[in-house]
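Analysis of the macromolecular model
Spelled out from the first residue to the last, the chains are:
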Amino acid sequence: MGQNLRVEEGEYKLTVSIAEPYRTALGVPSEDASVTVPATVVESTDEGGHRQAAASALEEPTASAEAASMPITVPPDSALPDIEALPAWGMSIRNRKTGRSFLNFGATAWNAGPGILMVEGFREPESTTMQAYQYFYEDGEVVGKVDAGTLEYDNRDLHDHWHFRDFAAYSLLDDEKVKVLDSGKEAFCLAPTDPIDLTVDGAAWRPWLTDLSTACGEEGSLWIREVLQTGWGDTYTQARPGQSFEITDLPNGKYFVQVRANPDDVLLEGSSDNNVALRKIYLRGKAGERRVVVPPVGVVDTEGSDCGKFC
């Protein structure tokens, strides 16, 4: 259980560190195991009158006519995001009574910063798509704008919002790392769903939103903003038809689940060297009773399974 600190209003520095043995277990270098951020303690507006801390809170830039009408402008490197793919996780096999088998998986791409990843879409009333632009901010001021393709409205059940294309792509590769299958997942509603590394420069400790309810608009929306703030990832689970991999006719053996961020280089980012992540898996079992074995990635075992000789 955490402890509440009784402090006066004012400016402070808050230091958070990863203690042993967790630092060693997670493979975190000692120089990266601690971060210090500014904190401002102010009087709360709650009825209880308790003081509260606002640690490294970032205010969301407001929509402005100046930003919308800004010409295409290449931003400084300091305002660029860095989209990084993480190894796939949450592997499972769904064997249907029809004899067909599907590999489900989860995938996360995150923004390593230092800049915010922000995409805004604009639509004429008669248009069925939105023109997308990527905006770049420093100190709350827009410093760049580039084309970012289009956004499309998805009216399927459990969606009903505007999707940005080309954020990520998923493929299944064979043991020679040759593509076997592609996932049908190709459009996304960007939102910071998971904190990945809040020690990176520009990380947002208190993001503006952490779900899709306010990010991706309604069918009649003429303007939307989708954001992936620094230090945060956007996670999708591929378990729906067309998104998971059908492995019914694939032979047993070694494969790789590939997660590729920014697959068509639509988004402007600081580096593309970390855009691809591979997760090794083994398909086993007979027809209708397929299973998957997933070795750990370093010291991280997301599956919690005993992979025996496959590890």
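Conventions used here
- Residues numbered from 1 in each chain as written.
- Predicted model: local features only at pLDDT ≥ 70, side-chain atom pairs only at ≥ 80, totals over all residues.
- Heavy atoms only, no water.
- Helix = DSSP H or I, 4+ residues; strand = E, 2+ residues; numbered from the N terminus.
- Buried < 20%, exposed > 50% of the residue type's maximum accessible area, 1.4 Å probe, protein only.
- Contact = heavy atoms within 4.5 Å.
- Areas by Shrake-Rupley, 256 points an atom, 1.4 Å probe, with all protein chains shown as cover.
- Core = buried A, V, L, I, M, F, W, Y, C linked by side-chain atoms within 4.5 Å.
- Pairing = 2+ DSSP bridges.
- Axes fitted to C-alpha atoms, helices over the stretch in contact; angles between N-to-C directions.
- pLDDT = per-residue confidence, 0-100.
- Patch = residues over 30% accessible without salt bridge, like charges linked within 9 Å, V, L, I, M, F, W, Y side chains within 5 Å.
- Salt bridge = Lys/Arg side-chain N within 4 Å of Asp/Glu carboxyl O.

1. Points about the overall build of the protein
Helix and strand counts for the protein stand at two helices and 20 strands. Looking at the 311 residues of the protein, the share that counts as buried comes to 41%. In the protein, the share of contacts with a sequence separation of at least 24, taken over all contacts with a separation of at least 6, comes to 66%. Accessible surface, the protein: about 17,000 Å² in total, of which carbon and sulfur atoms supply 49%.

2. Notes on the nonpolar core
Counting residues in each nonpolar core, the largest one holds 42 residues, and the members touching the most others are M91, L103, F164, F167, L172, V257 and I281. Here L172 is in contact with L103, V178, K179, V180, L181, F245, I247, L250, Y255, F256, V257 and I281, once residues within four sequence places are set aside. Core analysis: the next-biggest nonpolar cluster, separate from the first, contains six residues, I116, M118, Y133 and Y137 among them.

3. Brief notes about the sheet that holds strand β18 (residues 253-261)
Across the sheet, five strands lie side by side as β12-β11-β18-β19-β20; this open sheet has antiparallel pairing. With one partner strand each, in any of the chains shown, β12 (179-182) and β20 (291-293) form the two edges of the open sheet. This sheet shows a mean twist of 35° between the axes of neighbouring strands, independent of strand direction. Examined bridge by bridge, strand β11 (residues 168-173) and β12 share three bridges and lie antiparallel to one another. Residue pairing in the sheet places L172 in a bridge with L181 of β12.

4. Looking at the confidence of the model for the protein
When pLDDT is averaged across the protein, the result is 81; 80% of the residues are at 70 or more. Per-residue pLDDT, averaged within each element of the protein, yields its smallest value for strand β3 (residues 51-55) (33) and its largest for strand β4 (residues 83-85) (95). Ignoring residues within four places in sequence, the model shows residues 45-58, a span with pLDDT below 50, making 36 contacts including any to other chains.

5. Here we look at a nonpolar patch on the surface
On the surface, L5, V7 and Y12 cluster together to form a nonpolar patch covering roughly 280 Å² of accessible area. Of note, V7 is situated in the segment before β1 (10-17). With a relative accessible area of 32%, V7 lands in the partly exposed category.

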